Amino acid sequence: MDKEKLKQANEKLAGACLIPVTERNFKEKPCLECGKWFKPLYPYMKYCCKSCAKVGMRRKQKEYSARIVKLKSEETKKWNLKHHLCPICGKGMPAKNMRVHFDCMVEMLRKGNRSEKTLRYFWNRGYTLYDMEQLARGEEV
Ligand SMILES: [Zn+2]
Ligand SMILES: [Zn+2]
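Notes on the structure follow. As the structure is a computational prediction, the values presented were derived from the model and not from experiment.

We now examine the overall build of the protein. Helix and strand content of the protein: five helices and two strands. Ordering the α and β elements of the protein from the N terminus gives α-β-β-α-α-α-α. By residue count, 6% of the 141 residues in the protein fall in the buried class.

Laid out in C-alpha cells, this is it:
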C-alpha cells in the first residue's frame, strides 16, 4: 500500500471512529475562548475549534506563570514582613530596600527629632525643610 492510500485509509478510519461520538449528542456549551456555542465531541471539550484551543491553552499558560510570579512576590513580602524589621517600631516591612517606615520617620519629626539622619531621610525623598515642618505638624505635603 502506498503512502497516499494509507493516509486515506487512516482518515477513513478516523472518520468512522468519530461517528458514534458525534451521535452521542452532548449538550451544547459555550467555547471557553470565543464564547460561541458549540456541540462538543467529548464531554470535556472546552473549545469550539483547534485555533480557539491553541489560543486558550496559551492564555492559560500565561495566567499560570503570572500566578506563580504573584505567589513568589507575596512569599517574598511575607518573608520581609517577618524578618526585615523597622529599627524604630520593630515591626516588619514589606520590602528589603525599605530601611524604615515612612510614618515612623514622620513620627520622629513630630517628636522633635531633627538629627542629621532624620533630615537626610526626608531630604533624599525630595522634601524641603519647610515640608518637614509641615509633616511634623501632621499636615499633608
Ligand atoms: Zn471558540
Ligand atoms: Zn516602623
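Bringing the nonpolar core into the picture now. Within the largest apolar cluster, six residues are counted, these being Met 105, Met 108, Leu 109, Phe 122, Met 132 and Leu 135. When residues of this core are traced back to their parent elements, those giving at least two are helix H3 (102–110) and helix H5 (129–136). For this core, the element with the highest residue contribution is H3, accounting for three residues. Aside from chain neighbours lying at most four places away, what touches Leu 135 is Val 106, Leu 109 and Val 141.

Let's shift gears to the environment of Leu 119. Its place among the elements puts Leu 119 in helix H4 (residues 116–124). According to the C-beta neighbour criterion, Leu 119 is partly exposed, with 15 such atoms within 10 Å. For Leu 119 and Met 132, which are 13 residues apart along the polypeptide, the C-alpha to C-alpha distance reads 8.0 Å.

At their nearest, the axes of H3 and H5 sit 8 Å apart, and the two run at 90° to each other. In terms of axis orientation, H3 runs roughly perpendicular to H5. Judged by residue contacts, Val 106, Leu 109 and Arg 110 of H3 engage Met 132, Leu 135 and Ala 136 from H5. Taken together, the residues that form the contact of H3 with H5 break down as five nonpolar, no polar and one charged.

The rules behind the values
- Residues numbered from 1 in each chain as written.
- Chains lettered and ligands numbered in written order.
- Predicted model: local features only at pLDDT ≥ 70, side-chain atom pairs only at ≥ 80, totals over all residues.
- Helix = DSSP H or I, 4+ residues; strand = E, 2+ residues; numbered from the N terminus.
- Buried ≥ 20, exposed ≤ 12 C-beta atoms within 10 Å, placed from the backbone.
- Core = buried A, V, L, I, M, F, W, Y, C linked by C-beta atoms within 7 Å.
- Contact = placed C-beta atoms within 7 Å.
- Axes fitted to C-alpha atoms, helices over the stretch in contact; angles between N-to-C directions.
- Parallel < 35°, antiparallel > 145°, perpendicular 65-115°, else oblique.
- Nonpolar A, V, L, I, M, F, W, Y, C, P; charged D, E, K, R; others polar.

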